[in-house]
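# Summary of structural features
Here's the letter readout for the chains.
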Amino acid sequence: MAMKAFPPDRVRTVALVGHGGSGKTTLAEALLHRAGVVTRMGRVEDGTTVADTEPEEIKRGLSLSLAVAPFEAGDHKINLLDTPGYADFVTDVIAALRVADLAVFVVSAVEGVEVGTEAAWKLAAALGTPRMIFVNKLDRERASFERTLDQLRDRFGQGIAPLELPVGQEADFHGVADLLTDRAFMYDADNKVTETDVPDDMEALEHQVHDTLIEGIVVGDDAMLEQYLEGKIPSFQDLEHVLADGVAAAAVFPVVCGSALTGVGIDRLVQYICEIGSSPADRPVTVQAGDTETPIQADPSAQPLAFVFKTVADPYVGRISLFKVLSGTIRTDQHLVNSRTGADERLHSLFLIRGKDHIEVTEVQAGDIAAVAKLSTVLTGDTLAPKGTPVVVPPVGAPAPVLSVAVKARTQADDDKLATALHRLQEEDPALQVHLNEETHQTLLAGLGETHIAVTLERLHRKFGVDLDTEDVRVPYRETISTTADAEGKHKKQSGGHGQFGVANLRVEPLPRGGGFEFVDQIVGGAIPRQFIPAVEKGIQETMQLGGVYGYPVVDVRVICYDGKYHSVDSSEMSFKMAGSAGFKEAMAKAGPVLLEPVSVLEVTVPDALQGEVMGDLNSRRGRVQGTVSLGEGMQQVTALVPTSELLRYAIDLRSLTGGRGSFTATHDHYDVVPPNLVDRLVAAAHA
Ligand SMILES: Nc1nc2c(ncn2[C@@H]2O[C@H](COP(=O)(O)OP(=O)(O)OP(=O)(O)O)[C@@H](O)[C@H]2O)c(=O)[nH]1
Ligand SMILES: [Mg+2]
């Protein structure tokens, strides 16, 4: 069923964010059920929800990517953006928050504020996204609204403004008391709502919280504060008005409550989203036009301008671009220009996405979101504007990958399809990186965590029929020498026919770390004919590349070729290349060969309380802590030099060590000598 167009002040694009399992997808389902979009509530466990449609999601019982689900609520249109709570999929949380007019934080009243809640809050705060909180699962055992409210105030401060109190506890939870109107709303088994007085046993608490709330609101408006201090209680409408301003300014964060599973409080959440939630009309978007930053109003009659916030690689339709109309009205078959590439794009067919469904539309007005397929050059983050007026929305970088695996195509057919398939998946998932390590010759797939990589492999199989095997990432060890040694490289084959003969006397000397390779020609008296000396050097270089005593590239060596022998007939470039190679191998073996390992500089950001544990763990990884810095807000940054081989699974270990509250960056810094007692173990592990 087609949906009509809604004016910007009647649209609410709402991102559902919060910790994994807090109930976002179930809440989306409850909202769609109440709106009559679905006749029966689907369940995450059964894989029957509108939002969790990917087989990988259903298999795991959690959301892995952003899902869009629009519905009408009276004279409003609400675009739900159900986001994944699992940290590996934060890219889609960022995408949703970039276009959301309002973020609804779903917080379980059992588990309370969790690391995922805090992480999403930080993102929303950085983007200045208005926020509301839905305290969910109040029907569950051990659910506590008070405890959750305390945690919300403790973590997110002043702006937390409870608008409701639950009526009844746990299985007996069946209503909410509205603190603005001092009325209670009771839900029966069919979710039929009856408005009543606030139950007597709650009256005292309700009045106390009511007063706190009113005071919290009136301070946001000087005129209202003055009247309030004179004893005049503001009207509900006036209170809502000031509240809405506070929400739009991302200064006030209303808290409402309910149960997505039983449906209690869901209708009231819709009401609050419409009445005090911010709309695109409240929040102009800043774009860059040339050197100037310009605020763009969500005006349907202005120039058409669209921002692409998500790309989906659909195996059947191809590339699908999800966009928000920042201004003007976008119509079917309209031509717009990609501001990044300058390419002309025809928006052939426009549609709304709701879970798996595509609902065709002919136009999309400013402030609303929709989708279009098969645009040729458009990627996430691009803007579409009329010819000659290129503007861009300032980019927000994707999170840097923290975990890599080496991948190998299972068959030749897989290999043929691999590059395109990976490219398509990267378009859909900006946090995914693929690169070929020239030194270890491995193709590395890098992502935000183990689940992210596992899901990527499953998507490659499902969407593109590409099967990959994974193997451990090889550490690009190197070798060098620790002392000087001499050797004579001799290549002699003189058994009839054209012989081969060449002798090169070499001295190898260690160079400082990073010294690379130096070849010194100290040949005098034509001991080796001039034209063959480059061949000696070439033979040495190739041998160094092929690997020394441990099989790794040799670096930081000076080779002095100071003598040799040749044969007027049998000597050739090849014979001296071989002589150089043989001489180098022998000299190296005598020059105290050592294994070099890459060392990374690691910056770990952790809560103060976990600093000790993290530093202890780094010590157990042969890490050398360089220093710690307080970042404020209870966070510390620890900097350390750590052998890269000890960091291959650091993303996984740090997440469990810090309960997901730690993050890190690791960059290659230098090479260092591997302690002799570890060489055999590391080499064995590397060749296993
Ligand atoms: N009792 C109860 N269970 C709920 C409620 N809301 C969600 N659940 C259950 O909590 C579990 C997780 O719910 P989801 O909706 O998948 O949570 P989510 O926030 O989408 O999780 P992610 O997609 O992993 O981020 C499911 O088993 C739901 O049935 C609620 O209000 N009450
Ligand atoms: Mg979900």
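Being a predicted model, the structure only gives us computed values, none of them experimental.

Below, the discussion takes up the pattern of salt bridges. Going through the model one piece at a time under the given rule, you end up with 45 salt bridges. We note a salt bridge from Glu54 to Arg459, for which the minimum N-O separation is 3.0 Å. Taken together, the residues Glu54 in the loop between α1 (24-34) and α2 (55-60) and Arg459 in helix α11 (residues 450-464) connect sequence positions 405 residues apart. Judged on exposure class, the residue Glu54 and its partner Arg459 are both buried. The salt bridge partner of Arg319 is Glu427, with a shortest N-O separation of 2.8 Å.

Moving on to the packing of helix α14 (residues 611-619) against helix α15 (residues 650-658). For the pair α14 and α15, interaxial distance at closest approach is 10 Å and the crossing angle is 145°. In the crossing of α14 with α15, the sense of the turn from one axis to the other is right-handed. On the side of α14, the interface is formed by Glu613, Val614, Asp617 and Leu618, while α15 contributes Tyr650, Leu654, Leu657 and Thr658. Considered class by class, the residues forming the contact of α14 with α15 number 5 nonpolar, 1 polar and 2 charged.

Around ligand 1 there are 21 residues in total, and Lys24, Thr26, Glu45, Gly85 and Asp139 lie nearest to it. In the environment of ligand 1, an oxygen atom lies 2.8 Å from a nitrogen or oxygen atom belonging to the backbone of Gly21. Thr26 has a polar side-chain atom sitting 2.6 Å from an oxygen atom of ligand 1. Calculation on ligand 1 without its partners gives an accessible area of 650 Å², and the protein chains cover 89% of this total.

Turning our attention to the pairing of strand β5 (residues 131-136). In summary, the side chains of a regular strand alternate between the two faces of the sheet. Counting buried positions over the 6 residues of β5 gives 6, a clear majority of the element. Of the two faces of β5, both are covered, the one formed by Arg131, Ile133 and Val135 as well as the one formed by Met132, Phe134 and Asn136. Inspection of the sheet shows strand β4 (residues 102-108) paired to β5 by 6 bridges, in the parallel sense. Following the sheet pairing, Ser108 is matched in β5 by Asn136. With 3 bridges joining them, β5 and strand β11 (residues 253-257) adopt parallel strand pairing.

Our focus in this paragraph is the coordination of the magnesium ion (ligand 2). Binding of the magnesium ion (ligand 2) to the protein goes through Thr25 (OG1) and Ser63 (OG), at separations of 2.0 Å. Here Thr25, found in helix α1, pairs with Ser63, found in the loop between α2 and β2 (67-73); they are 38 residues apart in sequence, far enough to count as distant. Like Thr25, the residue Ser63 is buried in the burial classification.

Counting through the fold element by element, Arg60 comes out in helix α2. Look at Arg60 and you get partly exposed, because its relative accessible area is 25%. Linking Arg60 and Glu479, residues 419 residues apart in sequence, is a C-alpha distance of 45 Å. In this structure, Arg60 is in contact with Thr451, Ala454, Val455 and Glu458, ignoring residues within four places of it in sequence.

Another point: the packing of aromatic side chains. A complete count under the given rule lists 7 aromatic pairs for this structure. Ring plane angle 40° and centroid distance 6.1 Å describe the contact between Tyr86 and Phe89, whose orientation is recorded as tilted. Accessibility expressed as a relative area gives 32% for Tyr86, which makes it partly exposed. In this structure Phe89 comes out as buried when scored by relative accessible area, which is 4%. Judged by centre distance (4.8 Å) and plane angle (75°), the ring pair of Trp121 and Phe253 falls under edge-to-face. Here Phe253 lies in strand β11 and Trp121 lies in helix α4 (residues 115-127), a separation of 132 residues in the sequence. Across the pair, Phe253 and Trp121 agree in class, each one buried. Through a chain of ring-to-ring contacts, three or more aromatic side chains come together here, namely Phe105, Trp121, Phe156 and Phe253. Above the face of the Phe185 ring, Arg268 is positioned so that its terminal group lies 4.3 Å from the ring centre.

Let's shift gears to the nonpolar core. Leu27, Ile78, Leu80, Ile133, Val135, Leu152 and Ile160 are the most contacted members of the largest nonpolar core, which totals 105 residues. Per element, the largest residue contribution to this core is 7 residues, and it comes from helix α9 (residues 266-276). Both domains that furnish three or more residues to this core are identified here as domain 1 (8-282) and domain 2 (285-385). In terms of nonpolar packing, the next biggest core, distinct from the first, is built from 30 residues, Leu432, Leu460, Val642 and Leu647 among them.

Structurally, the protein chain comprises domain 1 (8-282), domain 2 (285-385), domain 3 (403-471), domain 4 (478-591) and domain 5 (596-686). Centre-to-centre, using C-alpha coordinates, domain 2 lies 43 Å away from domain 5.

Let us look at unusual backbone geometry. Most peptide bonds take the trans form, and the phi angle of most residues other than glycine is negative. Backbone geometry places Asp333, a non-glycine residue, at a positive phi of 70°. The topology assignment puts Asp333 in the loop between β16 (329-331) and β17 (334-338).

One ladder, built from 5 bridges, connects strand β25 (residues 433-437) with strand β26 (residues 442-447); its direction is antiparallel. Within the sheet, the bridge partner assigned to Gln433 lies in β26 and is Ala446. The loop that links β25 with its antiparallel partner β26 comprises 4 residues; one of these, His441, has a positive phi angle of about 60°.

A few words on the side chain of Ser581. Position of Ser581 among the secondary structure elements: in helix α13 (residues 573-590). Given the relative accessible area of 14%, Ser581 is considered buried. Of the polar contacts made by the side chain of Ser581, one reaches the side chain of Thr543; its length is 2.8 Å. In contact with Ser581, other than residues within four places in its own chain, are Gly539, Ile540 and Thr543.

Let's shift gears to the sheet that holds strand β10 (residues 193-197). An order of β7-β8-β9-β10 is seen for the 4 strands of this open sheet, with the pairing classed as antiparallel. In the strand order of this sheet, the two ends are held by β7 (164-167) and β10, each with one partner. If you compare each strand with its neighbour and ignore which way they point, the axes differ by 25° on average. Relative to β10, strand β9 (residues 183-187) runs antiparallel, the two sharing 5 bridges. Bridge assignment links Tyr187 to a residue of β10, and that residue is Val193. Against the sheet, α9 makes contact with β7, β8 (175-178), β9 and β10, and its axis sits at roughly 135° relative to β9, the strand it touches most.

Cut-offs used in this document
- Residues numbered from 1 in each chain as written.
- Chains lettered and ligands numbered in written order.
- Predicted model: local features only at pLDDT ≥ 70, side-chain atom pairs only at ≥ 80, totals over all residues.
- Heavy atoms only, no water.
- Salt bridge = Lys/Arg side-chain N within 4 Å of Asp/Glu carboxyl O.
- Helix = DSSP H or I, 4+ residues; strand = E, 2+ residues; numbered from the N terminus.
- Buried < 20%, exposed > 50% of the residue type's maximum accessible area, 1.4 Å probe, protein only.
- Axes fitted to C-alpha atoms, helices over the stretch in contact; angles between N-to-C directions.
- Left-handed = near helix turned anticlockwise from the far one by under 90°.
- Contact = heavy atoms within 4.5 Å.
- Nonpolar A, V, L, I, M, F, W, Y, C, P; charged D, E, K, R; others polar.
- Near = heavy atom within 4 Å.
- Polar contact = N/O pair within 3.5 Å; in protein donor to acceptor, adjacent residues only side chain to side chain.
- Areas by Shrake-Rupley, 256 points an atom, 1.4 Å probe, with all protein chains shown as cover.
- Pairing = 2+ DSSP bridges.
- Donors = N, O, S within 2.8 Å, 3.2 Å for Na, K, Ca; no water.
- Phe/Tyr/Trp six-rings, centres within 6.5 Å; stacked < 30°, edge-to-face > 60°.
- Lys NZ or Arg CZ within 6 Å of the ring centre and 35° of its normal.
- Core = buried A, V, L, I, M, F, W, Y, C linked by side-chain atoms within 4.5 Å.
- Domains from an automatic or database assignment.

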